[in-house]
Amino acid sequence: MKIRIKNGRVIDPASQFDARQDVYISDGKIIAIGEQLEGFDADKTIDATGLIVSPGLIDLSVRVREPGQEHTATILTETKAAAAGGITTVCVPPDTAPVIDNPTVVELIDDRAKKSGRSMVLTMGAMTQNLGSELLAEMARLKAAGCVGISNGLSPIKNSVIMQRAMSYAATLDMTVFITASDPWLQSQGCVHEGAVSSRLGLGGIAESAETIAVSRDLILIEQTGVRAHFHNLSTGKAVKLIREAQNRGLPVTADVSAHHLHLSEHDLGNYDALSHVLPPFRSIRDREQLQQGVRDGVISAISSHHQPLDKDDKLGPFAETKPGISGLETLLPLTMKLVEDDEVNLHTALAALTCNPADILGINSGQLKVGAVADICLIDPDSEYECQPLNFVSAGKNSPFEGWLFNHQVSHTLFHGRLVHERD
Amino acid sequence: MNNNQLTENGQLRHFLTIEGLKKPLLTEIMDRAEQFSGITNRQVKKVPILRGKTIVNLFFENSTRTRSTFELAAKRLSADVMNFNISTSATSKGESLLDTLHNLESMHTDMFVVRHNQSGAAEFIAQHVSPHVSVINAGDGCHAHPTQAMLDMFTIRRHKNNFPDLRVAIVGDILHSRVARSQIQALSTLGVGEIRVIGPKTLLPADCQTLGVHVYHDMEAGLEDVDVVIMLRLQLERMQGALIPSAREYFHCFGLTDDKLKLAKPDAIVMHPGPINRGVEIASSVADGPQSVILEQVTHGIAVRMAVMSMAMGAQSEQNELPA
């Protein structure tokens with residue numbers, strides 16, 4: 001299959017390339033970027049006039065609910081949703097059922113992903129067996145099976161000895177540790193940010209210190225063990241500051257933020273809107289500003305969906321009894337680009353946070369538009385003006401607080417390994 | 001802000017929280033309660049206002065006083081009343097809250113009086129009931145207990161002339177108190193001069209001053225020159241969460257004694273939503289003393305709940321009679 005993407009604004013954030021060019025694809029790879037390629041006989045030509053041609057997006061945390069909760073979502077449904085969101089690589093955390101703590105589960109996910117054939121599905125191995133925070137998982141075997149890192153999912157390792165040894169062992173294997181930092185005791189006190197809104201609504205508050213205590217401890221252990229580490233889903237300005245200081249000290253530490261935390265705050269809980277129930281919680285407006293600042297100055301180098309598809313029933317109940325989580329695959333790009341429209345982040349920084357930077361964090365050779373690279377490409381229409389309608393999401397999870405938001409940037413085409421896997425209606 | 005509880009004409013459709021309600025409406029509730037309180041002294045204590053209506057007391061949390069006064073209020077309005085104690089029935093069999101609700105709705109009920117241990121539960125139920133059903137919040141988690149707040153306002157009005165002239169202190173576990181939150185909102189809406197909250201930092205909500213109150217940690221300073229002292233119940237399980245060391249120390253610091261009460265104005269009244277823990281938050285001599293209006297509050301609860309129920313049902317009927 002030979003495809004020519006004609007006359008688009010080609011942006012490769014890794015090399016800062018940004019020009020109106022054609023992209024030529026053959027056998028799943030980019031074979032040329034330029035004005036004219038003599039003798040290229042395209043099977044298909046995509047007119048990209050007015051569109052941005054970007055590397056396919058790479059998402060660091062996507063729950064596909066398979067294996068274990070196929071009634072909620074499957075690898076097939078969620079890779080279709082990823083394609084609709086311009087995402088060509090998703091990274092699955094280990095908290096599936098069974099847990100990704102042995103190669104068999106990795107193989108099962110690989111197999112389902114190949115059958116779908118719509119995006120790369122990478123796996124994150126468990127740090128401890130069954131995520132039980134007691135015995136180390138077989139990290140070397142997980143690495144050999146293809147896991148791109150290890151993580152304990154959303155279950156923090158309370159015992160500092162276990163955490164220190166898990167990090168030490170991962171460092172031996174040159175694996176990156178992915179951490180969702182939260183002090184379990186402080187987190188257990190509530191379901192929303194502790195502040196004026198929790199006080200008014202009478203909901204249990206999760207103090208900012210739930211995040212900063214955990215980040216602080218883990219940074220100290222990272223320094224001690226020398227492991228390479230990545231922090232998922234920062235929610236507080238103070239945690240951004242801690243990561244910034246650690247990076248300045250030379251620690252091998254990176255961080256991401258969810259697209260939704262860059263837009264919403266505690267004030268968006270409205271009247272107990274369960275769709276805004278998420279962990280870590282939406283925090284103050286000042287925190288949100290500091291997260292945006294972290295993206296601007298590169299302390300937070302990746303923006304992820306932290307996609308958590310849920311059943312309708314999971315969000316039907318009194319707020320604290322509903323399940324936290326947001327279906328984010330199909331809003332990752334438009335929310336990130338909204339920051340560009342609002343002049344909060346420049347275009348290249350935003351696209352880098354969705355492509356080459358997460359690729360670097362994962363240590364994979366992807367996320368770039370260059371000759372010889374695999375043709376994972378996303379075409380973005382910057383002037384589409386549409387209203388977000390979660391009920392029309394491709395994802396099985398319709399749980400999004402962004403219903404009715406007006407977006408401008410929309411994915412028009414997604415190519416995965418040189419094949420068109422999504423085309424806007 | 002919550003305007004789900006009002007009809008398009010600004011009448012009370014549900015009663016979920018004080019927040020968002022205007023002063024004339026709170027005054028109307030108290031005026032109506034004043035009319036109903038006459039009935040309770042009559043030989044025949046019934047009026048036919050809600051005849052033929054079915055009211056369900058849906059209690060997911062234990063209650064004696066609130067449930068009984070709601071029941072009495074409904075019966076005095078001639079409604080039929082069903083009591084459901086759900087903590088011991090459906091949900092323990094795994095039925096979801098919405099399923100329970102829809103089942104009860106199929107029995108053609110007109111009003112739910114709901115108590116639930118989760119903040120926002122009444123709001124949630126109001127969002128999901130059929131349009132002809134009213135929801136009265138009888139306490140949701142730590143969020144709101146609006147009828148309690150209104151019976152407290154009614155009691156204050158019976159004893160004091162003018163809300164703007166008053167200084168009110170609320171003492172104790174504000175953090176977990178739905179009563180305190182609703183009282184603060186009601187007092188603010190009625191224009192009370194100063195609202196103080198008194199308690200240790202562990203029992204005050206984060207950014208407490210954003211609720212519109214002055215914060216005191218020293219009870220003696222906080223009680224000075226107040227017109228109304230509202231004591232809150234201390235749940236004895238608060239010792240478990242390391243919020244306070246002991247009931248003895250709590251009483252030492254925040255228990256209301258005759259000596260401390262002397263710091264308030266001489267004609268100050270003492271209130272408590274009950275049930276009281278004698279010797280923990282309040283000395284018996286104060287609870288039973290001349291300044292205490294605690295039992296009056298209970299009596300007023302019936303009239304206030306009659307007022308709220310009749311107003312909500314009235315707004316509903318009016319709405320249903322509107323041409324489509």
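Residues numbered from 1 in each chain as written. Chains lettered and ligands numbered in written order. Predicted model: local features only at pLDDT ≥ 70, side-chain atom pairs only at ≥ 80, totals over all residues.

Focus on the overall build of chain B
Phase 1 of the analysis: When helices and strands are tallied, chain B shows 11 helices and 9 strands.
Phase 2 of the analysis: What you see for chain B is a C-alpha radius of gyration of 20 Å, in line with the 20 Å of a compact globule of 324 residues.
Phase 3 of the analysis: Its C-alpha atoms give chain B principal-axis dimensions of about 60 × 45 × 40 Å.
Phase 4 of the analysis: Out of the 324 residues belonging to chain B, those deemed buried represent 48%.
Phase 5 of the analysis: The long-range fraction of contacts in chain B, counting pairs at least 24 apart against all pairs at least 6 apart in sequence, stands at 76%. (Helix = DSSP H or I, 4+ residues; strand = E, 2+ residues; numbered from the N terminus. Rg over C-alpha atoms; globule rule 2.2 N^0.38 Å. Buried ≥ 20, exposed ≤ 12 C-beta atoms within 10 Å, placed from the backbone. Contact = placed C-beta atoms within 7 Å.)

With respect to the UniProt feature "domain: Amidohydrolase" (unreviewed entry) in chain A
Phase 1 of the analysis: Mapped onto this structure's residue numbering, the UniProt feature "domain: Amidohydrolase" (unreviewed entry) falls at residues 341–422 of chain A.
Phase 2 of the analysis: With 20% helix and 24% strand, residues 341–422 of chain A has its two end C-alpha atoms placed 24 Å apart. (UniProt positions renumbered as here; feature names shortened; annotations may be inferred.)

Side note on the nonpolar core
Phase 1 of the analysis: Residues Ile150 of chain A together with Val171, Val229 and Met309 of chain B are the most contacted members of the largest nonpolar core, which totals 222 residues.
Phase 2 of the analysis: Ranked by residues supplied to this core, first place goes to helix H11 (residues 294–321) of chain B with 10 residues.
Phase 3 of the analysis: Every residue in contact with Met309 of chain B, bar those within four places of it in the chain, is listed here: Leu50, Ala73, Ala74, Leu77, Met111 and Ile136 of chain B. (Core = buried A, V, L, I, M, F, W, Y, C linked by C-beta atoms within 7 Å.)

Here's the deal with the pairing of strand E4 (residues 134–140) of chain B
Residue and element names in this part refer to chain B.
Phase 1 of the analysis: Most of E4 sits inside the fold, with 7 of its 7 residues counted as buried.
Phase 2 of the analysis: Direction of pairing for strand E3 (residues 111–116) relative to E4: parallel, over a ladder of 5 bridges. Looking at the pairing, Val113 lines up with Ile136 of E4.
Phase 3 of the analysis: You can see the chain leave E3, run along helix H4 (residues 121–128) and come back into E4, and the turn it takes is right-handed. (Pairing = 2+ DSSP bridges. Right-handed = clockwise from strand over helix to strand, strands pointing away.)

Focus: the UniProt feature "binding site: carbamoyl phosphate" (unreviewed entry) in chain B
Residues and elements named next belong to chain B.
Phase 1 of the analysis: UniProt marks Arg65, Thr66, Arg115, His145, Gln148, Gly274 and Pro275 with the feature "binding site: carbamoyl phosphate" (unreviewed entry), using the numbering shown here.
Phase 2 of the analysis: Among the residues examined, His145 registers 29 C-beta atoms within 10 Å and is labelled buried.
Phase 3 of the analysis: Looking at the element boundaries, Pro275 is found in the loop between strand E9 (269–271) and helix H10 (284–287).

Some details on the domain arrangement of chain A
All names here are of chain A.
Phase 1 of the analysis: Annotation of chain A at the domain level lists domain 1 (2–52 + 374–423) and domain 2 (56–362).
Phase 2 of the analysis: Computed from C-alpha coordinates alone, the two centres of domain 1 and domain 2 are separated by 26 Å.
Phase 3 of the analysis: On the domain 2 side, the residues contacting the 29 residues of domain 1 number 40 residues.
Phase 4 of the analysis: Listed by contribution, the elements that provide at least two residues to the side of domain 1 that touches domain 2 are strand E17 (377–381), strand E20 (410–416) and strand E21 (419–423).
Phase 5 of the analysis: If you tally residues by element for the side of domain 1 that touches domain 2, the top one is E20, at 4 residues.
Phase 6 of the analysis: The class makeup of the residues in the side of domain 1 that touches domain 2 is 17 nonpolar, 10 polar and 2 charged. (Domains from an automatic or database assignment. Nonpolar A, V, L, I, M, F, W, Y, C, P; charged D, E, K, R; others polar.)

Details of the UniProt feature "domain: Dihydroorotase catalytic" (unreviewed entry) in chain A
Phase 1 of the analysis: What UniProt calls "domain: Dihydroorotase catalytic" (unreviewed entry) maps, in this numbering, to residues 52–234 of chain A.
Phase 2 of the analysis: For residues 52–234 of chain A, the helix share is 39%, the strand share is 18%, and the end-to-end C-alpha distance is 29 Å.

Remarks on the domain arrangement of chain B
Residue and element names in this part refer to chain B.
Phase 1 of the analysis: Assigned domains within chain B: domain 1 (23–144 + 299–315) and domain 2 (146–293).
Phase 2 of the analysis: Contacts between the two partners involve 20 residues from domain 1 and, on the opposite side, 17 residues from domain 2.
Phase 3 of the analysis: At the level of elements, helix H1 (23–39), E4 and H11 are the ones that each hand at least two residues to the side of domain 1 that touches domain 2.
Phase 4 of the analysis: Looking at the side of domain 1 that touches domain 2 residue by residue, the classes come out as 10 nonpolar, 6 polar and 4 charged.

Overview of the sheet that holds strand E15 (residues 253–258) of chain A
The pairing of strands in a sheet happens through backbone hydrogen bonds and is either parallel or antiparallel.
Phase 1 of the analysis: The strand order across the open sheet built from 6 strands is E9-E10-E11-E14-E15-E16 (chain A), with neighbouring strands paired in parallel fashion. Each having just a single partner strand, strand E9 (125–126) and strand E16 (302–304) of chain A make up the two edges of the open sheet.

Remarks on the packing of helix H7 (residues 209–225) of chain A against helix H8 (residues 237–248) of chain A
Helix-helix packing is characterised by the crossing angle of the two axes and by the distance between the axes.
Residues and elements named next belong to chain A.
Phase 1 of the analysis: At their nearest, the axes of H7 and H8 sit 9 Å apart, and the two run at 15 degrees to each other. It follows from the interaxial angle that H7 and H8 lie roughly parallel. The hand of the H7/H8 crossing is right-handed. Across the interface between the two elements, Glu211, Thr212, Val215, Ser216 and Leu219 of H7 pack against Lys238, Ala239, Leu242 and Ala246 of H8.
Phase 2 of the analysis: Here the contact of H7 with H8 is built from residues that sort into 5 nonpolar, 2 polar and 2 charged. (Axes fitted to C-alpha atoms, helices over the stretch in contact; angles between N-to-C directions. Parallel < 35°, antiparallel > 145°, perpendicular 65-115°, else oblique. Left-handed = near helix turned anticlockwise from the far one by under 90°.)

Brief notes about unusual backbone geometry
Phase 1 of the analysis: The omega torsion across Glu66 of chain A and Pro67 of chain A is 0 degrees, close enough to zero to call that bond cis.
Phase 2 of the analysis: Positionally, Pro67 of chain A belongs in the loop between strand E6 (57–59) and helix H1 (75–84).
Phase 3 of the analysis: For the bond from Ala97 of chain A to Pro98 of chain A, the omega torsion is 0 degrees, close enough to zero to count as cis.
Phase 4 of the analysis: Mapping Pro98 of chain A onto the fold places it in the loop between strand E7 (87–92) and helix H2 (103–116).
Phase 5 of the analysis: Positive phi is not limited to glycine here, since Asn233 of chain A has a value of about 55 degrees.
Phase 6 of the analysis: The backbone phi angle of Asp225 of chain B is positive, close to 65 degrees, even though this residue is not glycine.
Phase 7 of the analysis: On the secondary structure map, Asp225 of chain B appears in the loop between helix H7 (219–223) and strand E8 (228–231).

Observations regarding the interface of chain B and chain A
Phase 1 of the analysis: Each partner contributes residues to the interface: chain B has 21 residues there, and chain A has 18 residues.
Phase 2 of the analysis: If one sorts the elements of the side of chain B that touches chain A by residue count, H4 of chain B sits on top with 3 residues.
Phase 3 of the analysis: When the residues that make up the side of chain B that touches chain A are grouped by side-chain class, the tally is 9 nonpolar, 8 polar and 4 charged.

Quick notes on helix H4 (residues 160–172) of chain A
Residues spaced three or four apart along an α-helix face the same direction, because each turn holds 3.6 residues.
Residue and element names in this part refer to chain A.
Phase 1 of the analysis: With 13 residues, H4 extends 18 Å between its outermost C-alpha atoms, agreeing within 8% with the 18 Å of an ideal straight helix rising 1.5 Å per residue.
Phase 2 of the analysis: Within H4 the residues assigned to the buried category are Met163, Ala166, Met167 and Ala170. Each buried residue of H4 lies within a common arc of 95 degrees when the element is viewed along its axis, so the set occupies one face.
Phase 3 of the analysis: Elements that come into contact with the buried residues of H4 comprise helix H3 (139–145), strand E10 (150–151), strand E11 (176–179) and H7.
Phase 4 of the analysis: Directly beyond the C-terminal end of H4, a positive phi value near 60 degrees is found at Asp174. (Expected span 1.5 Å × (residues − 1). Arc of directions from axis to C-beta.)

Side note on the sheet that holds strand E7 (residues 214–216) of chain B
Residue and element names in this part refer to chain B.
Phase 1 of the analysis: What the 5 strands build is an open sheet, ordered E7-E6-E5-E8-E9; its pairing is parallel. Single-partner strands in this sheet number two, and they are E7 and E9. Pairwise comparison of adjacent strand axes, ignoring direction, gives a mean angle of 20 degrees for this sheet.
Phase 2 of the analysis: Summarising the sheet, strand E5 (residues 167–171) and strand E6 (residues 194–198) pair through 5 bridges and their orientation is parallel. Paired with Arg167 across the bridge in E6 is Glu194.

Thoughts on the UniProt feature "binding site: L-aspartate" (unreviewed entry) in chain B
Residues and elements named next belong to chain B.
Phase 1 of the analysis: Feature annotation in UniProt assigns "binding site: L-aspartate" (unreviewed entry) to the following positions: Lys93, Arg178 and Arg233.
Phase 2 of the analysis: With respect to the helices, strands and loops of the structure, Arg233 is situated in the loop between E8 and helix H8 (247–254).
Phase 3 of the analysis: The class of Arg233 is partly exposed, set by 19 C-beta atoms lying within 10 Å.
Phase 4 of the analysis: If we ignore the near neighbours within four places in the chain, the residues touching Arg233 are Pro273, Pro275, Ile276, Asn277 and Glu281.

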